[in-house]
Amino acid sequence: MTILRHVIRFVVAAVVLMFVGFLVPGFSVNNFWTALLAAVVIAILGWIVEAFFGDRISPYNRGIVGFLVSAAVIYLTQFVVTGFYVTILGALLASLVIGIIDLFIPIKTHMDFRDGDAGKKQQT
């Protein structure tokens, strides 16, 4: 069941990337498969950055540093994925648009990867 959850999450992220490519100047994705691969690469690069620097710079904390790191991850993805092109301004705008879209369609699940705590919401 968790594999299906991840597949759905990456498909939604790919659709969001394609929408952002349509909306944001300086940001383009050739096709759905490129967007899907870019979504996987963005997730991996984001995980690596969070592993090195901790959750303080996570884009989910929505601080200015998280916003800039998100833009940097998007910009770096173009060097790994062919058919995915973005300028620095495009990466900044894409990070902003993805952040706004994420308010309405959260791509991150309530699963904490460190604890293997599938489906549990944090108690406040």
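None of the values given here were measured: they were computed from a predicted structure.

## Considering helix H3 (residues 64–77)
Consideration 1: In a regular helix each residue adds 1.5 Å, so 14 residues correspond to 20 Å; H3 covers 20 Å between its end C-alpha atoms and thus fits that length.
Consideration 2: Of the positions making up H3, those classed as buried are Gly 66, Val 69, Ser 70, Ala 71, Val 73, Ile 74 and Thr 77.
Consideration 3: As for H3, its buried residues are in contact with strand S1 (27–29), helix H2 (32–53), strand S2 (84–86) and helix H4 (88–104).

## What to know about the UniProt feature "transmembrane region" (unreviewed entry) in the protein
Consideration 1: UniProt records the feature "transmembrane region" (unreviewed entry) for residues 7–27, 33–53, 60–78 and 84–105 in the present numbering.
Consideration 2: Span residues 33–53 is 100% helix and 0% strand, its end C-alpha atoms 30 Å apart.
Consideration 3: Overall, residues 84–105 shows 77% helix and 14% strand. The separation of its end C-alpha atoms is 23 Å.

## Some remarks on the nonpolar core
Consideration 1: One finds Leu 17, Val 20, Phe 27, Ile 74, Phe 84, Val 86 and Ile 98 to be the most contacted residues of the largest nonpolar core, which totals 24 residues.
Consideration 2: At the level of secondary structure, the elements contributing two or more residues to this core comprise helix H1 (2–23), S1, H2, H3, S2 and H4.
Consideration 3: Sort the elements by how many residues they give to this core and H1 lands first, with 6 residues.
Consideration 4: Apart from residues lying up to four places away in sequence, Val 86 is in contact with Gly 26, Phe 27, Ile 74, Tyr 75, Gln 78 and Ala 91.

## Brief notes about the packing of aromatic side chains
Consideration 1: In total, this model carries 3 aromatic pairs according to the counting rule given.
Consideration 2: With centroids separated by 5.2 Å and ring planes inclined at 85°, the aromatic side chains of Phe 27 and Phe 84 adopt a geometry described as edge-to-face. Of this pair, Phe 27 sits in strand S1 while Phe 84 is found in strand S2, placing the two residues 57 residues apart along the sequence. Phe 84 shares its class with Phe 27; the two are buried.

Conventions we followed
Residues numbered from 1 in each chain as written. Predicted model: local features only at pLDDT ≥ 70, side-chain atom pairs only at ≥ 80, totals over all residues. Heavy atoms only, no water. Helix = DSSP H or I, 4+ residues; strand = E, 2+ residues; numbered from the N terminus. Expected span 1.5 Å × (residues − 1). Buried < 20%, exposed > 50% of the residue type's maximum accessible area, 1.4 Å probe, protein only. Contact = heavy atoms within 4.5 Å. UniProt positions renumbered as here; feature names shortened; annotations may be inferred. Core = buried A, V, L, I, M, F, W, Y, C linked by side-chain atoms within 4.5 Å. Phe/Tyr/Trp six-rings, centres within 6.5 Å; stacked < 30°, edge-to-face > 60°.

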